[in-house]
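# An overview of the molecular structure
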Amino acid sequence: MSQLKPVAAPPFVPSLVPPASEEDLLQNLLGEASKLLAAHPEFTSPRSWVDLWNLFLHRNQSLDLDDFGYDEAAAKVWHPLFDFLYRVWWRVTLSGVENVPNEGRALLVINHSGVLPWDGAMVKHGISHEHPARRRARMLALDMFTTLPFLQPWLRQMGEVRACPENGERLLLRDELVAVFPEGVKGVGKYFRDRYRVARFGRGGFVRLALRTRSPIIPISVVGAEEIHPIIFRPDFLGRPLGFPYFPITPTFPLLGAAGLIPAPTKWWIDIGKPIDPGLDPDFAERPMIVNEVTDVVRSTIQQMIDSRLARRGNLFTGE
Amino acid sequence: MVGFKPAATARPRVAVTGGSGYLGARFVRALAARGTWDIVVLDLAPAANTPAEVRHRFLDLNLPHSDGTVYKILKEERPDVLVHLAGVRSPLRDAVYAHELNSIGTLNVFGAAGEADVKRLIHYSTTMVYGARGDNPAFLSEEHLMRADVADHFVRDSVEAERHCRDFARRHPEARVAVLRFAPLLAAERRDYRIRYLEGPVALTMLGYDPLMQWLHPDDASEALLRALDTPGAHGTFNIAPDGVLPLSSTLLLFGTPSIPLPHNVAYFAGEAAWVTGVGTAPGAHAHYIRFPCVAANEKARKVLGFAPRKTSLETAIEAARARRSSGRAIDFDALEEIARAAAYRLEQRMKRPAAPTTPGPDGGETAARPAGTRMAS
């Protein structure tokens, strides 16, 4: 009989599960995606997800701004909207674009109307599209627009600047086209019954600007924009607490809510007049009576341009 | 000391208060490298790696009778120029301490300088004294009023310091006083409140607002101080600002910080609450600077001091962000630097375009180039 040989007891080993390496765990959980993460370890950091989110928010913006903050890439995004409004919604007819110089400074003076400053946007769009030099005018926007949330960064990206003499002078000295609305709030928020009556032109600040920088003044009239939001009533007690300079009551707003902000599709005419060159020395900017006189000449020129266009205008929506 | 006379070829002497601080040390090193000035630093302690030839004198502007100390030092050293850089550059929760140092400290230094008959002074200030306001022009020039919010004690101290400086200039009309208003400095190695804000972990922003910021490179700041020192007639206020602007949102993008946008009427309270609880980096009233722009024009410093900033705001921000973020990022900083270089070039081209109103010739040389228009009689 053969004796069974005693078997040596195996040495004691604690029964630990060997730890899976991190790669194996990722491989099991993510499959192919794990290879991508292995190749790009930076994406496992939470900060890089923040980066991706921030980049998403910046998808339409560039870092290459001019010194006023104009962002060409961001402005381009809105181009289709303005093109639609210009060609389809308001069917703008632009005349006298040859009066805008191919280069060099000029001050565009425009009558203001229509509650929201669509008129400025259309003048700018028209000049940049129909002028052979594709000149891009820069608007001097009212404080009420440049300090409002959301509007402030948006206007800055579009290349508009706050209306103040320092900004206008800086732009004109750099030989840019600068557009102003001397009527200001009085123009943009005027009652429907006052339509096409050009309001007082501020205190002649734009004339002082033109004299100091020796810029020609180009009068521009916009016809058709007065009817897009006819203001029937303008209760200040509603506007003040909201921080708006006025609270317009129109046939559609606030009755239809946000839909009431859709402007009426009237037919528009933008007429660009001959440049007015006061031909005065910059010292005349300090003589209020002379400044006033030049202001009056520009105002009456624009009023005449409006009147002659109104006389030829037929139907409000078709223009015939 | 009796009978000691400086050699005829003695170098001009400059005393720098706060010469061991971040900007001060940088400035002192750059100045010592030139070897043309005899430098005395008045500070609590000498900075690390201060050049050997730079002398240090102890000065604590928070001690009582500090003006006497300054007077004694100035009498002994007899500097030709006094550069006053001492002060805290981040808001402190101990507002009294900050006030004593920034405002009263300046008052004492200037008072002593007047008694010690110092003929030239250079004072450090900030462009924040203009205040961030919705009705600021795109570029604030030196003539603009100081309209900072008085509730913001950090900036208010700077405004008061400038007033003391102005009083000094009024009392000593023969003295040349240059006030340099520096745009916000941004440097990776300087852990001031701006870096702490920009690094997060989250940054409070104003819903619907994205102001333009200027970021000044420390080398440019130090260069500006050297330029001011080199200009014997430098008198008055000068903005020391970089070219180009960068929106706040883009700065946060570079630093990889998520923003928490709050409506502005809530954000001031939230900012103040964060400040008093120790989470925030600046008092609530300081939040104007993340709502409205406060951008300074640098033309005067360019013209009078010959100051030419070498880095744009975008380049400075990229440099700082790149150094702060070592790993774990989804942003390609090499590509960004390319973009910044190209943008700086385009900015330079834009600024080169005709500026300054041209004076017309006798026959209206300039008007002839413009389209003929109707001439109006006055």
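Residues numbered from 1 in each chain as written. Chains lettered and ligands numbered in written order. Predicted model: local features only at pLDDT ≥ 70, side-chain atom pairs only at ≥ 80, totals over all residues. Heavy atoms only, no water.

### Quick look at the overall build of chain B
Helix and strand counts for chain B come out as twelve helices and twelve strands. A compact globule built from 378 residues would reach a C-alpha radius of gyration of about 21 Å, and chain B, at 23 Å, matches this within 12%. Viewed in the frame of its principal axes, chain B has a C-alpha envelope of about 75 × 65 × 40 Å. A buried classification covers 54% of the 378 residues belonging to chain B. Total accessible area on chain B is roughly 16400 Å²; 57% of this is exposed by carbon and sulfur atoms. For chain B, the distance from the average site of its 46 positive side-chain charges to the average site of its 42 negative ones is 2 Å. (Helix = DSSP H or I, 4+ residues; strand = E, 2+ residues; numbered from the N terminus. Rg over C-alpha atoms; globule rule 2.2 N^0.38 Å. Buried < 20%, exposed > 50% of the residue type's maximum accessible area, 1.4 Å probe, protein only. Areas by Shrake-Rupley, 256 points an atom, 1.4 Å probe, with all protein chains shown as cover. Lys, Arg positive; Asp, Glu negative; His and termini not counted. Charge placed at Lys NZ, Arg CZ, Asp CG, Glu CD.)

### Topic: the packing of helix 3 (residues 95-115) of chain B against helix 4 (residues 153-171) of chain B
All names here are of chain B. Taken N-terminus to C-terminus, the directions of helix 3 and helix 4 make an angle of 10°; their axes are 9 Å apart at the nearest point. Here helix 3 lies roughly parallel to helix 4, going by the angle between them. Touching A95, A98, H99, N102, S103, T106, L107, F110, A113 and G114 of helix 3 are H153, D157, E160, A161, H164, C165 and F168, all from helix 4. Among the residues forming the contact of helix 3 with helix 4, the class breakdown is eight nonpolar, seven polar and two charged. (Axes fitted to C-alpha atoms, helices over the stretch in contact; angles between N-to-C directions. Parallel < 35°, antiparallel > 145°, perpendicular 65-115°, else oblique. Contact = heavy atoms within 4.5 Å. Nonpolar A, V, L, I, M, F, W, Y, C, P; charged D, E, K, R; others polar.)

### Quick look at the sheet that holds strand 3 (residues 55-58) of chain B
Residue and element names in this part refer to chain B. With parallel pairing, seven strands are arranged side by side in an open sheet as 3-2-1-4-5-6-9. Two strands lie at the open edges of the sheet, namely strand 3 and strand 9 (236-240), each paired on one side alone. Adjacent strand axes in the sheet meet at a mean angle of 20°, parallel and antiparallel pairs treated alike. In the sheet, strand 4 (residues 81-84) pairs with strand 5 (residues 120-126) via four bridges, with the strands oriented parallel. Bridging across to strand 5, L82 finds its partner in L121. Here helix 2 (residues 66-77) sits on the sheet and contacts strand 1 (13-17), strand 2 (38-43), strand 3 and strand 4; the angle it forms with strand 3, its principal contact strand, is near 150°. (Pairing = 2+ DSSP bridges.)

### A closer look at the pairing of strand 2 (residues 106-110) of chain A
All names here are of chain A. Burial within strand 2 is extensive, with five of its five residues counted as buried. The alternating pattern of strand 2 places A106, L108 and I110 on one face and L107 and V109 on the opposite face, and all of these are buried. Here strand 2 pairs with strand 5 (residues 177-180) via four bridges, running parallel. Note on strand 5: the bridge partner recorded for V109 is V180. Summarising the sheet, strand 2 and strand 6 (residues 217-223) pair through four bridges and their orientation is parallel. Residue pairing across strands places L107 opposite I217, the latter belonging to strand 6.

### Topic: the nonpolar core
F27, I39, V83, F182 and I240 of chain B are the most contacted members of the largest nonpolar core, which has 81 residues in total. Ranked by residues supplied to this core, first place goes to helix 6 (residues 218-230) of chain B with six residues. Discounting chain neighbours no more than four positions away, the residues touching F27 of chain B are V16, V83, L85, S222, L225, L226 and L229 of chain B. Core analysis: the second largest hydrophobic core is formed by 36 residues, F68, L211, I217 and I302 of chain A among them. (Core = buried A, V, L, I, M, F, W, Y, C linked by side-chain atoms within 4.5 Å.)

### Overview of the interface of chain A and chain B
How big an interface is tends to be expressed through the accessible area that disappears when the partners come together. On the side of chain B, 61 residues touch chain A, which itself brings 53 residues to the contact. Interface area, chain A with chain B, both sides summed: about 4800 Å², of which 56% is carbon and sulfur. On the surface where chain A and chain B come into contact, there are four salt bridges. Among the ionic pairs, D51 of chain A bridges to R325 of chain B, the shortest N-O distance being 2.7 Å. Applying the counting rule to chain A against chain B returns 16 residue pairs in polar contact (both at pLDDT 80 or more). Among the elements of the structure, helix 3 (46-57), helix 8 (151-158), helix 9 (165-173), strand 8 (276-277) and helix 13 (288-312) of chain A are those that each provide at least two residues to the side of chain A that touches chain B. (Buried area = accessible area lost by both parts, 1.4 Å probe. Salt bridge = Lys/Arg side-chain N within 4 Å of Asp/Glu carboxyl O. Polar contact = N/O pair within 3.5 Å; in protein donor to acceptor, adjacent residues only side chain to side chain.)

### A few points about the environment of V155 of chain B
Residues and elements named next belong to chain B. Tracing the backbone through its elements, the reader meets V155 in helix 4. On the accessibility criterion, V155 (1% relative accessible area) is buried. Linking V155 and L347, residues 192 residues apart in sequence, is a C-alpha distance of 30 Å. Excluding residues that lie within four positions of it along the chain, V155 makes contacts with M128, V129, A148, H286 and Y289.

### Examining a nonpolar patch on the surface
Nonpolar side chains collect at one region of the surface, where W49, L52 and L55 of chain A lie side by side and expose about 280 Å² of accessible area between them. Residue L55 of chain A is classed as partly exposed on the basis of its relative accessible area, which comes to 36%. (Patch = residues over 30% accessible without salt bridge, like charges linked within 9 Å, V, L, I, M, F, W, Y side chains within 5 Å.)

### Focus on the pattern of salt bridges
Throughout the structure, instances matching the rule amount to 42 salt bridges over all chains. With a closest N to O distance of 3.0 Å, R170 of chain A and E299 of chain B form a salt bridge. Here the residue R170 of chain A occupies a position in helix 9, and E299 of chain B occupies one in helix 9 (residues 299-305), the pair thus bridging two chains. E299 of chain B gets classed as partly exposed once you look at its relative accessible area, which sits at 41%.

### Points about the domain arrangement of chain A
By domain assignment, chain A separates into domain 1 (23-57) and domain 2 (72-228 + 263-312). The distance between the C-alpha centroids of domain 1 of chain A and domain 2 of chain A comes to 51 Å. (Domains from an automatic or database assignment.)

### Considering the packing of aromatic side chains
Aromatic ring pairs are reported here in terms of the distance separating the ring centres and the angle at which the planes meet. All names here are of chain A. Under the counting rule described, the total for this entry stands at eleven aromatic pairs over all chains. Ring pairs connect the aromatic residues W90, W118 and W268, which therefore count as one cluster. The ring of Y70 has R136 lying over it, and the distance from NZ or CZ to the ring centre is 3.8 Å. Its end group placed over the ring of W269, K267 keeps NZ or CZ at 5.2 Å from the ring centre. (Phe/Tyr/Trp six-rings, centres within 6.5 Å; stacked < 30°, edge-to-face > 60°. Lys NZ or Arg CZ within 6 Å of the ring centre and 35° of its normal.)

### Let's talk about the environment of L180 of chain B
Residue and element names in this part refer to chain B. In this structure, L180 sits in strand 6 (residues 176-182). A relative accessible area of 0% means that L180 is categorised as buried. Remark: the alpha-carbon pair of L180 and R120, spanning 60 residues in sequence, is separated by 13 Å. Apart from residues no more than four positions distant in its own chain, L180 is found in contact with I122, H123, Y124, S125, A224, L225, A228, F238, I240 and L305.

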